[in-house]
Amino acid sequence: MNLGRYVFAQVADFIPRYEFDRIVRKYNGDYHVRELSCYNLFLHLMFGQLTACESIRDICLCLKAHQRILYPLGFRQTVNVSSLSRANRDRDCRIWEEFGQVLIGIVRPLYSSEPVPDVNLPGWEIFAVDSTTVSCSIKLMTWAYGKYDRGAVKMHTVLDLRGGIPAFIYVTHGKWHDSNMLDVMEIIPWAIYVMDKAYVDFAALHNISGRDAYWVTRAKSNMRYEVVETNYNIDPATGLRGDHIIRLTGYKPAKLYPETFRMVEYTDLESGEELVFITNLTEVGPLDVANLYRNRWQIETFFKWIKQNLTIKSFWGHTENAVKTHLWTAICTYLIVARIKASIKGCTYTISEVATLLGVSALSKTDITDLLTNPHNNLLNQNQDVNEPTLF
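To start, this report covers the structure provided alongside it. (Residues numbered from 1 in each chain as written. Predicted model: local features only at pLDDT ≥ 70, side-chain atom pairs only at ≥ 80, totals over all residues. Heavy atoms only, no water.)

**Topic: the overall build of the protein chain**
Turning to step 1, where the next piece is worked out: From N to C terminus, the protein chain includes 15 helices and 9 strands.
Turning to step 2, where the next piece is worked out: Considered along the principal axes of its C-alpha atoms, the protein chain spans approximately 75 × 65 × 45 Å.
Turning to step 3, where the next piece is worked out: Taken over 392 residues, the protein chain has a buried fraction of 50%.
Turning to step 4, where the next piece is worked out: Across the protein chain, contacts joining residues at least 24 apart in sequence account for 64% of those joining residues at least 6 apart.
Turning to step 5, where the next piece is worked out: For the protein chain, the accessible surface area stands at approximately 19900 Å², while carbon and sulfur atoms represent 49% of it.
Turning to step 6, where the next piece is worked out: Side chains of the protein chain carry 41 positive and 42 negative charges; the gap between the two charge centres is 9 Å. (Helix = DSSP H or I, 4+ residues; strand = E, 2+ residues; numbered from the N terminus. Buried < 20%, exposed > 50% of the residue type's maximum accessible area, 1.4 Å probe, protein only. Contact = heavy atoms within 4.5 Å. Areas by Shrake-Rupley, 256 points an atom, 1.4 Å probe, with all protein chains shown as cover. Lys, Arg positive; Asp, Glu negative; His and termini not counted. Charge placed at Lys NZ, Arg CZ, Asp CG, Glu CD.)

See below:
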């Protein structure tokens, strides 16, 4: 039982401290540091993420107001705004990046048995690949090139669709094209990668096929091809319009991807939109291909939740190191929340709901297990049976 301990201190118990200290030693993160260690810095930034502080000044203001309980919260000491801002700017961002990868390795197996909606492929690793852009000032962040003379930072993500846990993250400036991600990320054999039209790079897709992995994406309207084989055993009532094996006929695309692959034509029954999917996945039915792409929207939901619930709308620093530190601490916070949800039996809340409960209860003395397993639904109905007098 953790009765009597603050919720934030209990959240900090889920940080793998041994791995964190090992990474800090690897990059000499605490070299010549007297006041604010890397672990203490991470606690400051995680507190800001959980409690939705808009700036470093807000973090310092909140902790200064509760200075009497800093030690029970887990902070050895707090610092002023300039010291925290300087540490956020100068500490090597690779510490948080590598720590994030450690957390990914811990959390992903906890959700490996989660089903993918409308897709019956047990045991398959299924990923969605996409990026999100955070606008910024090009005058303040001269390194963050974006479109139309504006600043932007891109967070490229490979999301495991079983549980919505990120498997790989890469942070770049805004002009870095999405398809370059296919050359950077690690390709897992026999895994399925689902992505949108921006990733149609036939050289990269051929490389994925050569590594015994599968890809699903949408065809561009100007794709030139010939039909090699057609499957007529489809049910039009499900929205399917065609299932073909095709070969590229364009001069350059045919050289980049000389083998045949699959094309599935589908009409969304709700919106009536006609969609054309291409894939090298032939072991499943055509409707499964359409449902795989439908689940790609989980990554859009993940980006939306990250932007709305974690503090990345306005960055806590302007240098490339500070921005990457900010993004990676946000991801680390999300992964720690996901680990808490998976570790507490009987927790029926979603990850976003768990993050909300932990944020509003960070400074309260409540057992975290009771907080996440006792929803107290009856509180909503306590006043339903009260005989209140009418107003008229």
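**Here we look at the packing of aromatic side chains**
The relation between two aromatic rings is expressed through the spacing of the ring centres and the mutual angle of the planes.
Turning to step 1, where the next piece is worked out: Using the criterion set out here, one finds 21 aromatic pairs in the structure.
Turning to step 2, where the next piece is worked out: Seen from their ring centres, Phe20 and Trp96 are 6.0 Å apart, and the 40° between their planes marks the pair as tilted. A residue pair is termed long-range when its members are at least 10 positions apart, and Phe20 in helix α2 (residues 17-26) and Trp96 in helix α7 (residues 93-107) qualify at 76 residues.
Turning to step 3, where the next piece is worked out: Judged by relative accessible area, which is 1%, Phe20 ranks as buried. (Phe/Tyr/Trp six-rings, centres within 6.5 Å; stacked < 30°, edge-to-face > 60°.)

**Section: helix α14 (residues 351-360)**
Turning to step 1, where the next piece is worked out: Among the residues of α14, Ile351, Val354, Ala355, Leu358 and Gly359 are the ones counted as buried. On an axial view of α14, the arc spanned by its buried residues comes to 130°, and they lie on one face. (Arc of directions from axis to C-beta.)

**Some words on the pattern of salt bridges**
Turning to step 1, where the next piece is worked out: One pass over the full model with this rule turns up 16 salt bridges.
Turning to step 2, where the next piece is worked out: For Arg5, the salt bridge is made with Asp13, and the minimal N-O distance between the two is 2.7 Å.
Turning to step 3, where the next piece is worked out: In this structure, Glu98 and Arg22 form a salt bridge, with 4.0 Å as the shortest nitrogen-oxygen distance. Of the two residues, Glu98 sits in helix α7 while Arg22 sits in helix α2, which places them 76 residues apart along the sequence.
Turning to step 4, where the next piece is worked out: Using a relative accessible area of 29% as the deciding quantity, one classes Arg22 as partly exposed.
Turning to step 5, where the next piece is worked out: Salt bridges linked by common partners bring Glu19, Arg22, Lys26 and Glu98 together as one network. (Salt bridge = Lys/Arg side-chain N within 4 Å of Asp/Glu carboxyl O.)

**Some details on the pairing of strand β5 (residues 214-218)**
Turning to step 1, where the next piece is worked out: For β5, a buried count of 5 out of 5 residues is recorded, marking the element as mostly surrounded by other parts of the structure.
Turning to step 2, where the next piece is worked out: Judged from the 3 bridges that link them, strand β4 (residues 192-194) and β5 form a sheet pairing that is parallel. Note that in β5 the partner of Val194 across the bridge is Val216.
Turning to step 3, where the next piece is worked out: Following the backbone out of β4, through helix α9 (residues 202-210) and into the adjacent parallel β5, one traces a crossover that is right-handed.
Turning to step 4, where the next piece is worked out: Where β5 meets strand β9 (residues 274-279), 3 bridges bridge the pair, whose relative direction is antiparallel. Bridging across to β9, Val216 finds its partner in Thr279. (Pairing = 2+ DSSP bridges. Right-handed = clockwise from strand over helix to strand, strands pointing away.)

**Concerning the environment of Asn321**
Turning to step 1, where the next piece is worked out: With respect to the secondary-structure elements, Asn321 resides in helix α13 (residues 320-343).
Turning to step 2, where the next piece is worked out: The spacing of Asn321 and Tyr18 is 303 residues in sequence and 24 Å in space, taken between C-alpha atoms.
Turning to step 3, where the next piece is worked out: Contact partners of Asn321, with chain neighbours within four places excluded, come to Asn88, Arg89, Asp90, Arg91, Asp92 and Cys93.

**Remarks on the environment of Tyr71**
Turning to step 1, where the next piece is worked out: Mapped onto the elements, Tyr71 comes out in helix α5 (residues 70-73).
Turning to step 2, where the next piece is worked out: Each C-alpha atom of the pair Tyr71 and Val107 lies 28 Å from the other, and the pair is 36 residues apart in sequence.

**Points about the sheet that holds strand β7 (residues 240-248)**
Turning to step 1, where the next piece is worked out: Strand order across the open sheet formed by 9 strands is β3-β2-β1-β4-β5-β9-β8-β7-β6, with mixed pairing between neighbours. Among the strands making up the open sheet, the edge pair consists of β3 (165-173) and β6 (225-230). Within this sheet the neighbouring strands show an average axis-to-axis angle of 25°, counted without direction.
Turning to step 2, where the next piece is worked out: Strand direction decides the pairing type here: β6 and β7, joined by 5 bridges, are antiparallel. By the bridge assignment for β7, Glu226 is matched with Arg247.
Turning to step 3, where the next piece is worked out: Sheet strands in contact with α9 are β5, β7, β8 (261-267) and β9, and its direction is about 150° off that of β5. (Axes fitted to C-alpha atoms, helices over the stretch in contact; angles between N-to-C directions.)

**Some points on the pairing of strand β1 (residues 126-136)**
Side-chain positions along a regular strand alternate between the two faces of the sheet.
Turning to step 1, where the next piece is worked out: Among the 11 residues of β1, 9 are classified as buried, and the element is accordingly described as predominantly covered.
Turning to step 2, where the next piece is worked out: Of the pairings in the sheet, the one linking β1 to β4 comprises 3 bridges and is parallel in character. Counted as the bridge partner of Ile126 is Ile192 from β4.
Turning to step 3, where the next piece is worked out: Taken together, the 10 bridges between β1 and strand β2 (residues 151-160) define a ladder with antiparallel strand orientation.

**Digging into unusual backbone geometry**
Most peptide bonds take the trans configuration, and most residues that are not glycine carry a negative phi.
Turning to step 1, where the next piece is worked out: With phi around 60°, Ala52 is a residue other than glycine that occupies positive phi space.
Turning to step 2, where the next piece is worked out: Tracing the backbone shows Ala52 in the loop between α3 (38-50) and α4 (56-65).
Turning to step 3, where the next piece is worked out: Here Asp212, not a glycine, exhibits a phi torsion of approximately 60°, which is positive.
Turning to step 4, where the next piece is worked out: Residue position: Asp212 is located in the loop between α9 and β5.
Turning to step 5, where the next piece is worked out: Judged by its relative accessible area of 40%, Asp212 falls in the partly exposed class.

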